[in-house]
Amino acid sequence: MSTALITGASSGIGAAYARRFAARGYDLVVVARATERLETLATELRETHRISVEVLPADLTNAVQLEAVATRLRSGSPIDVLVNNAGAALLGNFETADPASMERLLSLNVTAPTLLASAAIGGMVKRGSGAIINLGSVVSLMPGYFPGIYSATKSYILTFSQGLAAEVGPKGVYVQAVLPAATKTEIWERAGADLSQIPNVMEVDDLVDAALVGFDRREAVTIPPLSDASLWEAFEGARAVLPSGLGAKPAERYRAHGHA
Ligand SMILES: NC(=O)c1ccc[n+]([C@@H]2O[C@H](COP(=O)([O-])OP(=O)(O)OC[C@H]3O[C@@H](n4cnc5c(N)ncnc54)[C@H](OP(=O)(O)O)[C@@H]3O)[C@@H](O)[C@H]2O)c1
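Peer 1: Just give me the short version of the nonpolar core, but keep the residues and values in it.
Peer 2: In summary, soluble globular proteins display a tendency toward joint burial of nonpolar side chains. Membership of the largest hydrophobic core comes to 32 residues, with the highest contact counts inside it found for Ile 6, Tyr 17, Phe 21, Leu 28, Val 81 and Ile 133. Every residue in contact with Ile 133, bar those within four places of it in the chain, is listed here: Tyr 17, Phe 21, Val 81, Leu 82, Val 83, Asn 84, Gln 176, Val 178 and Phe 215. Counting residues in hydrophobic clusters, the runner-up holds 27 residues, among them Leu 56, Leu 60, Leu 116 and Ala 119.

What follows is the structure in structure tokens.
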């Protein structure tokens, strides 16, 4: 029996992951603030799939409650898959953004997944197996399209996932970054956006099913809405050759000419 801990399992992408991992026979630990929604989901999944589901309510922006989830990852029955999914969006320009809202966003989208991965990784490396799925976003690749710091939080997730994969992949731990584009969930309404104004919105089950195809293939980065895979390969290809182009001296174009 394997166990998956899924943050943000009370709605949207996290709830879909919970249903899919339950259908695969995983036991679950489900985390979010909405205890009743988690309990309803847990009852449904226990009855349908005969699995065990632990409900672990937590506000991941609260350091004490975050630590309770980290403790569950470090102790208790081993967690084989961590799905770092809980997250929020913040609309509007950086110039006018409320600092307290940005701080909350950073703690939910950046600090929480980092500290939960940190809590999970020791056991996974020791066992030589396990997986961490981090929910990023395509906006991390096109920051000019989404004002404010949301895309930067998702860039962190992508870079963090790729760096972690390089470190723990050789030790048997699989790390996947999943980059959705607009997906039909509550995130938009919660952030105050009108989903009907957004084009090309993907159904949440389609997104998660595609992300799990990437998971089963052990893809490092899965971008379900990107039909032309060669675009991503070209992007990654440019990144891969960069180290060989770095020198100890400033590049010629940065050398001041005509000055002593
Ligand atoms: N939907 C999209 O278009 C889209 C696109 C790209 C990336 N993503 C990413 O996908 C992930 C899931 O989002 P979603 O679209 O499924 O949105 P969602 O339906 O709003 O779900 C967000 C989940 O995170 C939980 N959450 C929010 N604040 C929390 C907090 N302080 N502590 C603990 N849990 C909290 C929510 O549960 P409670 O309210 O019960 O706490 C909920 O379960 C996010 O990381 C998001 O950035 C979404």
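Peer 1: Kindly report on the pairing of strand 2 (residues 27–32), identifying the contributing residues and their values.
Peer 2: Every regular strand shows the same layout, with side chains that alternate between the two sheet faces. Buried residues dominate strand 2, accounting for six of its six residues. In strand 2, alternate side chains face the same way, and those of Asp 27, Val 29 and Val 31 on one face and Leu 28, Val 30 and Ala 32 on the other are all buried. Pairing geometry for strand 1 (residues 3–7) and strand 2, over five bridges, is parallel. Among the inter-strand pairings, Ala 4 is bridged to a residue of strand 2, identified as Leu 28. In this region the chain leaves strand 1, passes through helix 1 (residues 12–23) and returns to the parallel neighbour strand 2; the handedness of that crossover is right-handed. The pairing of strand 2 with strand 3 (residues 53–57) spans five bridges and is classified as parallel. Bridging from a neighbouring strand, Ala 32 pairs with Pro 57 of strand 3. On the question of chirality, the crossover connecting strand 2 to the parallel strand 3 by way of helix 2 (residues 35–49) is right-handed.

Peer 1: I'd love a proper account of the side chain of Ser 151, names of residues and values included.
Peer 2: Within the secondary structure, Ser 151 is located in helix 5 (residues 150–168). A relative accessible area of 3% means that Ser 151 is categorised as buried. Not counting the four nearest positions on each side in its chain, Ser 151 is found in contact with Val 139, Ser 140, Pro 143 and Phe 146.

Peer 1: Help me get a handle on the pairing of strand 6 (residues 174–178), residues and values and all.
Peer 2: Here strand 6 lies mainly inside the structure; five of its five residues are buried. Because side chains alternate across strand 6, one face comprises the buried residues Tyr 174, Gln 176 and Val 178, and the other comprises Val 175 and Ala 177, equally buried. Pairing of strand 5 (residues 131–135) with strand 6, which is carried by five bridges, proceeds in the parallel orientation. Bridge assignment links Ile 132 to a residue of strand 6, and that residue is Val 175. Looking at chain direction, strand 6 and strand 7 (residues 221–222) are connected through two bridges and run parallel. Its bridge partner being in strand 7, Ala 177 is matched across the sheet by Val 221.

Peer 1: Please set out the packing of aromatic side chains residue by residue, giving values where relevant.
Peer 2: In the structure shown here, the tally under the stated rule is eight aromatic pairs. Geometrically, the ring pair formed by Phe 146 and Tyr 150 is tilted, given 5.0 Å between the ring centres and 45° between the ring planes. For the residue pair Phe 146 and Tyr 150, the accessibility class agrees, reading buried in each case. Ring geometry for Trp 232 versus Phe 235: centroids 5.4 Å apart, planes at 20°, classification stacked. Separated by three residues within a single helix, Trp 232 and Phe 235 lie in helix 8 (residues 229–241), roughly one turn from each other. Owing to a relative accessible area of 13%, Trp 232 belongs among the buried residues under this scheme. Its relative accessible area of 43% is what places Phe 235 among the partly exposed residues. Through pairs of rings, three or more aromatic residues link up here, namely Tyr 17, Phe 21, Tyr 26, Tyr 174 and Phe 215. The positively charged end of Arg 218 is found above the aromatic ring belonging to Phe 215, 4.7 Å away from the centroid.

Rules of the game
Residues numbered from 1 in each chain as written. Predicted model: local features only at pLDDT ≥ 70, side-chain atom pairs only at ≥ 80, totals over all residues. Heavy atoms only, no water. Core = buried A, V, L, I, M, F, W, Y, C linked by side-chain atoms within 4.5 Å. Buried < 20%, exposed > 50% of the residue type's maximum accessible area, 1.4 Å probe, protein only. Contact = heavy atoms within 4.5 Å. Helix = DSSP H or I, 4+ residues; strand = E, 2+ residues; numbered from the N terminus. Pairing = 2+ DSSP bridges. Right-handed = clockwise from strand over helix to strand, strands pointing away. Phe/Tyr/Trp six-rings, centres within 6.5 Å; stacked < 30°, edge-to-face > 60°. Lys NZ or Arg CZ within 6 Å of the ring centre and 35° of its normal.

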